[in-house]
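# Structure at a glance
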Amino acid sequence: MTTSVRFGACNLCEAICGLRFELDGDRIVSITGDKDDPLSRGHLCPKGVALQDLHTDPDRLRRPLRRTATGWEELGWDAAYDLVVDRLAAVRTEHGANAVGVYLGNPSVHSLGAMTHGLPFFGMLRTRSRFSATSADQLPHQLVAHQMYGHQVLLPIPDVDRTGYFLVFGANPLVSNGSIMTVPDVANRLKALRERGGKLVVFDPRRTETAARADEHVFVRPGSDAAVLLAMVRVILTEGLGHVASYVDDLDAVRDAVSPFTLEFAERVSGVPAATIDRIAREFAAAPSAVCYGRVGVSTQRFGLAAQWAVQLMNVVTGNLDAPGGAMIPKPAVDVLKFVSKGHFGAWRSRVRGLPEFGGELPVAALAEEIDTPGEGRIRALVTSAGNPVLSTPDGARLDKALAGLDFMVAIDFYLNETTRHADVILPPTGPLERDHYDLIFHAFAVRNTARFSPAVLPRPAGTKHDWEIFRDLGLRYAKRFRGKLATRLRLRIPPARLVDLLLRLGPYKLSLRKLRKAPHGVDLGPLSSRMPGVLVDGRVHAAPEVLRAAAAEAARELTAPADEELLLIGRRHLRSNNSWLHNAPRLVKGKPRHHLLMHPDDLAARGIADGATVLVRSAVGQVRVAVTATEDLMPGVVSLPHGFGHGRDGVRLSVASGVEGVSSNDLTDPAVVDASGNAVLNGVPVTVQAG
Ligand SMILES: Nc1nc2c(c(=O)[nH]1)N[C@H]1C(S)=C(S)[C@@H](COP(=O)(O)OP(=O)(O)OC[C@H]3O[C@@H](n4cnc5c(=O)[nH]c(N)nc54)[C@H](O)[C@@H]3O)O[C@H]1N2
Ligand SMILES: Nc1nc2c(c(=O)[nH]1)N[C@H]1C(S)=C(S)[C@@H](COP(=O)(O)OP(=O)(O)OC[C@H]3O[C@@H](n4cnc5c(=O)[nH]c(N)nc54)[C@H](O)[C@@H]3O)O[C@H]1N2
Ligand code: SF4
Ligand SMILES: [Mo]
């Protein structure tokens, strides 16, 4: 055996773990965590192991496909490019640029080529009909950062390795491995927190894996976090428990905005005892260092924007913003603040419902209606890249139908999935182990400053294309039709690795590709450090922008305790599942099924439903039939279903391991309801459950 060892990176989630590959020629013998990686320190999870299945999967597409009356047909790259550009150009010429829609899925941010070449290509389409997973995820974070700190990616990150008090709302990092907090090896990091006498407190409607390991877990009713957090801010301000940096403005306006959020109000709507809210606020303010953090459960709910504002305020009013052990701005080797725009909000609105854009994207909750509502400006052609919005966005069933009515659709994706099956052409890029990687985004959200360039671990098969090459080739052809800018055309020709080299040289550590190639485990650039006020766009923290005060006022007006009969649906992530894909990777999905409904035994008993029965779950937009499992880990009145399943819809057989099909929770979520930023509401969705 001619075995060799190579080092690479996992790009499947935000933890960006360093990996060690043992190879026999081009065959993978094993994948383990790279213990010399300064950030991930040897960590890996079952998804990283499953990269092997992804790499060898015969169902992973390698050649362009074209849908014909008699089924899918392979075609050559040039023919595929010409077809795509012809059809997109025809729609634009006849109906205008906004008639071409775009959806960028989650893995886009995890691919170097999609960042360096996809973004300029999508810019060339000059369409306002642009959507992404952002508005089913972290839009409130970005809008809050834009409003308070002046830039959409000025996102303060928990200094987990030094904090004395970690207050977590709506996140389950032990399973997710962290989000807007690149925190590989989180289990050991949380263990270290407790060993040094620190405290972990989790607010979640489910006793999650993270909550189970916390010092304290508090059940909170879905969608009510804004009230709890703003009540905590109110306690801290009215009791004078905090202190605020000199560069923070508008504290009086914060005081006014939090005045309706009394402990009594917060208790009534959230189910959290007033005394608990009051005590935790005081503990947080008194801790030597503390950080408040809120993630998907807090962002993807009706009052997500108000809740995320409150998360920032907790850190601001206690002097924990930009302080060691608090929430800090990382200093990555490639300065994202320079290459990502600051952002803008409400510069235009969606055609049908008038929802505001953010940073050039419209809320994805409006995607289906922008396709299926007749009239001028309707989306007639769609480009999707690395996503599966039929399973990932609210009322996926409606989107499923809408996609079938498009004049043309192209998907850049290496799987045939519930969304890409509607495409006329599928353009598959190489897999993650076949291409170079540098993480442009997640180093900037990491709990420690590091940098790592990972050359492709394995050669790509002949006749395949990297995603950057696909975007380059489409872009250069498209530029011929619509006189693309010279700068964009030049940029499209530069390979990602050369762009990374340039960006590294311009960055704060003056690194280069050559230096990083010599350090395959990555280089350690040290712990987070204080960067304010210098890093703030105008040198000030705006504690109370109008948009955020309005979101809080709306929460004060509209938050109510739910009716007795009502159940609130929340999501769930599992270690052995990854959003809407990898459900065909045997190394990942092995074990018992994970897509059932969870429900409290009292709620089951009240409806005369037995544990394990099949139930009918209904919401304002749809219904699903699914097996139910009783558990006291859920707050009474709450039910939980993971997203990303529902693979067997319409009897279409895609590449999914048997027994993993499940149902789609997004056949229940309602696109008519969004938060004040325009983000989709995926948690706290009213449903009924009955036997059936
Ligand atoms: N109800 C509910 N819905 C949710 C959520 C929830 O918590 N609850 N979570 C939301 C969140 S946070 C997110 S991020 C979204 C995710 O939802 P999407 O944006 O739809 O992303 P994925 O499901 O990860 O997309 C998977 C597709 O990307 C393709 N892919 C993978 N890697 C690459 C690549 O390198 N290049 C290309 N071109 N394609 C690739 C895969 O083949 C697969 O087809 O779902 C959201 N939807
Ligand atoms: N294994 C695995 N890892 C993943 C993913 C995956 O699919 N599988 N997806 C990746 C992606 S795209 C993302 S964005 C991250 C997400 O990372 P996290 O946000 O850490 O993960 P979630 O499991 O979505 O955590 C959301 C939590 O919010 C809780 N919750 C729901 N509603 C509410 C509410 O109203 N209030 C409060 N306080 N809590 C609520 C849920 O019970 C859940 O525990 O994970 C990433 N990592
Ligand atoms: S935690 Fe798992 S999926 Fe995330 S980067 Fe590490 S190995 Fe990959
Ligand atoms: Mo996400």
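Residues numbered from 1 in each chain as written. Chains lettered and ligands numbered in written order. Predicted model: local features only at pLDDT ≥ 70, side-chain atom pairs only at ≥ 80, totals over all residues. Heavy atoms only, no water.

Per an unreviewed UniProt entry, the protein chain is named Anaerobic selenocysteine-containing dehydrogenase, and its organism is Labedaea rhizosphaerae.

Formed by 120 residues in total, the largest nonpolar core has its most connected members in L167, F203 and Y438. For this core, the element with the most residues is helix α9 (residues 225-238), which contributes eleven residues. Counting only domains with at least three residues in this core, you end up with domain 2 (65-137 + 339-503) and domain 3 (144-332 + 532-554). Among all residues touching F203, those that are not within four sequence positions of it are L167, V168, F169, G170, V218, V220, V228, M232, V272 and I280. (Core = buried A, V, L, I, M, F, W, Y, C linked by side-chain atoms within 4.5 Å. Buried < 20%, exposed > 50% of the residue type's maximum accessible area, 1.4 Å probe, protein only. Helix = DSSP H or I, 4+ residues; strand = E, 2+ residues; numbered from the N terminus. Domains from an automatic or database assignment. Contact = heavy atoms within 4.5 Å.)

By way of backbone hydrogen bonds, the strands of a sheet pair with one another, either parallel or antiparallel. Within the open sheet, the three strands sit side by side as β1-β2-β3. Their pairing is antiparallel. Strands at the two margins of the open sheet, each flanked by one partner only, are β1 (3-9) and β3 (27-33). Each strand of the sheet is rotated relative to its neighbour by a mean of 25°, with strand direction disregarded. Looking at chain direction, β1 and strand β2 (residues 18-24) are connected through seven bridges and run antiparallel. Each bridged residue has a counterpart across the sheet, and for A9 the counterpart in β2 is G18. (Pairing = 2+ DSSP bridges. Axes fitted to C-alpha atoms, helices over the stretch in contact; angles between N-to-C directions.)

Let us look at the packing of helix α5 (residues 139-149) against helix α14 (residues 304-317). Packing of α5 against α14 brings their axes to within 9 Å, and their N-to-C directions diverge by 50°. Relative to α14, the element α5 is oriented oblique. Helix-helix and strand crossings are classified by hand; for α5 and α14 the assignment is right-handed. Of the residues in α14, those in contact with P140, H141, L143, V144, M148 and Y149 of α5 are G304, L305, Q308, W309, Q312, L313 and V316. Grouping the amino acids of the contact of α5 with α14 by side-chain chemistry returns nine nonpolar, four polar and no charged. (Parallel < 35°, antiparallel > 145°, perpendicular 65-115°, else oblique. Left-handed = near helix turned anticlockwise from the far one by under 90°. Nonpolar A, V, L, I, M, F, W, Y, C, P; charged D, E, K, R; others polar.)

As a further point, take the layout of surface pockets. Here the second largest pocket defines a volume of roughly 450 Å³. Surrounding the second largest pocket, 24 residues form its lining, R302, E566, L568, G684 and P686 being those nearest its centre. Split by residue class, the lining of the second largest pocket holds 13 nonpolar, six polar and five charged. A domain split of the lining of the second largest pocket shows at least three residues from each of domain 3 (144-332 + 532-554) and domain 4 (562-691). (1 Å grid on protein atoms, 1.4 Å probe; cavity = no way out; pocket = protein on both sides within 12 Å on 5 of 7 lines; lining within 4 Å. Points joined across faces, edges and corners; volume = space filled by probe spheres on them.)

The UniProt feature table records "domain: 4Fe-4S Mo/W bis-MGD-type" (unreviewed entry) at residues 3-59. Along residues 3-59 the backbone is 18% helical and 37% strand, and the end-to-end C-alpha distance reaches 27 Å. (UniProt positions renumbered as here; feature names shortened; annotations may be inferred.)

A few words on helix α19 (residues 467-482). In this model, α19 (16 residues) spans 22 Å end to end at C-alpha, consistent with the 22 Å of a helix rising 1.5 Å per residue. Among the 16 residues of α19, twelve are classified as buried, and the element is accordingly described as predominantly covered. Those residues of α19 that sit buried are D467, W468, E469, I470, F471, R472, D473, L474, G475, L476, Y478 and A479. (Expected span 1.5 Å × (residues − 1).)

On inspection of all chains with the given rule, the structure shows 14 aromatic pairs. When the centroid spacing of 5.9 Å and the interplanar angle of 90° are considered together, the rings of Y165 and F284 count as edge-to-face. Here Y165 is found in strand β9 (residues 165-169), whereas its partner F284 is found in helix α12 (residues 274-286), with 119 residues between them in sequence. Residue Y165 is classed as buried on the basis of its relative accessible area of 3%. Ring plane angle 70° and centroid distance 5.8 Å describe the contact between F261 and F265, whose orientation is recorded as edge-to-face. Note on F265: relative accessible area 10%, which makes it buried. Ring pairing ties together the aromatic residues F121, F122, F471, Y478 and F482, which thus form one cluster. Against the face of F414 rests R60, its NZ or CZ located 5.9 Å from the ring centre. (Phe/Tyr/Trp six-rings, centres within 6.5 Å; stacked < 30°, edge-to-face > 60°. Lys NZ or Arg CZ within 6 Å of the ring centre and 35° of its normal.)

Next up on the list: the site of ligand 2. In the vicinity of ligand 2, 30 residues are found, and the nearest of them are S176, D204, D225, R573 and S577. At 3.1 Å from a nitrogen atom of ligand 2 is found a side-chain nitrogen or oxygen belonging to K47. One nitrogen or oxygen atom from the main chain of G223 is found 2.8 Å from an oxygen atom belonging to ligand 2. Burial of ligand 2 by the surrounding chains reaches 97%, relative to a free accessible area of 920 Å². Breaking the shell around ligand 2 down by element, the ones donating at least two residues are α6 (173-176) and α13 (296-299). Looking at the shell around ligand 2 residue by residue, the classes come out as ten nonpolar, 14 polar and six charged. (Near = heavy atom within 4 Å. Polar contact = N/O pair within 3.5 Å; in protein donor to acceptor, adjacent residues only side chain to side chain. Areas by Shrake-Rupley, 256 points an atom, 1.4 Å probe, with all protein chains shown as cover.)

Position of R268 relative to the elements: it lies in helix α11 (residues 263-270). The spatial distance from the C-alpha of R268 to the C-alpha of T560 is 7.7 Å, given a sequence separation of 292 residues. Beyond its immediate sequence surroundings of up to four residues, R268 is in contact with R221 and A561.

Let us now look at empty space enclosed by the protein. If you walk through the whole model with that rule in mind, you get nine cavities of 30 Å³ or more. One number sums up the size of the second largest cavity: a volume of about 120 Å³. Forming the boundary of the second largest cavity are 14 residues, of which H141, P156, Y293, V311 and Q312 lie nearest the centre. For the lining of the second largest cavity, the secondary-structure elements that each account for two or more residues are β13 (291-294) and α14.

Taken in spatial order, the seven strands line up as β5-β4-β19-β18-β17-β6-β7 in an open sheet, and their pairing is mixed. Two strands close off the open sheet at either side, each with one partner strand: β5 (71-74) and β7 (130-132). Strand-to-strand twist across the sheet, computed as the mean angle between neighbouring axes with direction ignored, equals 20°. Bridging between strand β6 (residues 100-104) and strand β17 (residues 381-385) involves five bridges; their strand directions are parallel. Within the sheet, the bridge partner assigned to Y103 lies in β17 and is T384. Relative to the sheet, α19 contacts β17, β18 (408-412) and β19 (425-427), its axis offset from that of β18 by approximately 145°.

Taken as a whole, the protein chain is organised into domain 1 (3-56), domain 2 (65-137 + 339-503), domain 3 (144-332 + 532-554) and domain 4 (562-691). Centre-to-centre, using C-alpha coordinates, domain 2 lies 28 Å away from domain 4. On the domain 4 side, the residues contacting the 28 residues of domain 2 number 28 residues. Of the roughly 2100 Å² buried where domain 2 meets domain 4, counting both sides, 56% is carbon and sulfur surface. Our count for the domain 2 to domain 4 interface comes out at one salt bridge. The shortest N-O distance in the salt bridge between R649 and D400 comes to 3.2 Å. Linking domain 2 with domain 4 are 13 residue pairs in polar contact (both at pLDDT 80 or more), by the criterion used here. Counting only elements with at least two residues in the side of domain 2 that touches domain 4, the list comes to α17 (389-392) and α18 (396-404). Of the residues assigned to the side of domain 2 that touches domain 4, the class counts are 14 nonpolar, eight polar and six charged. (Buried area = accessible area lost by both parts, 1.4 Å probe. Salt bridge = Lys/Arg side-chain N within 4 Å of Asp/Glu carboxyl O.)

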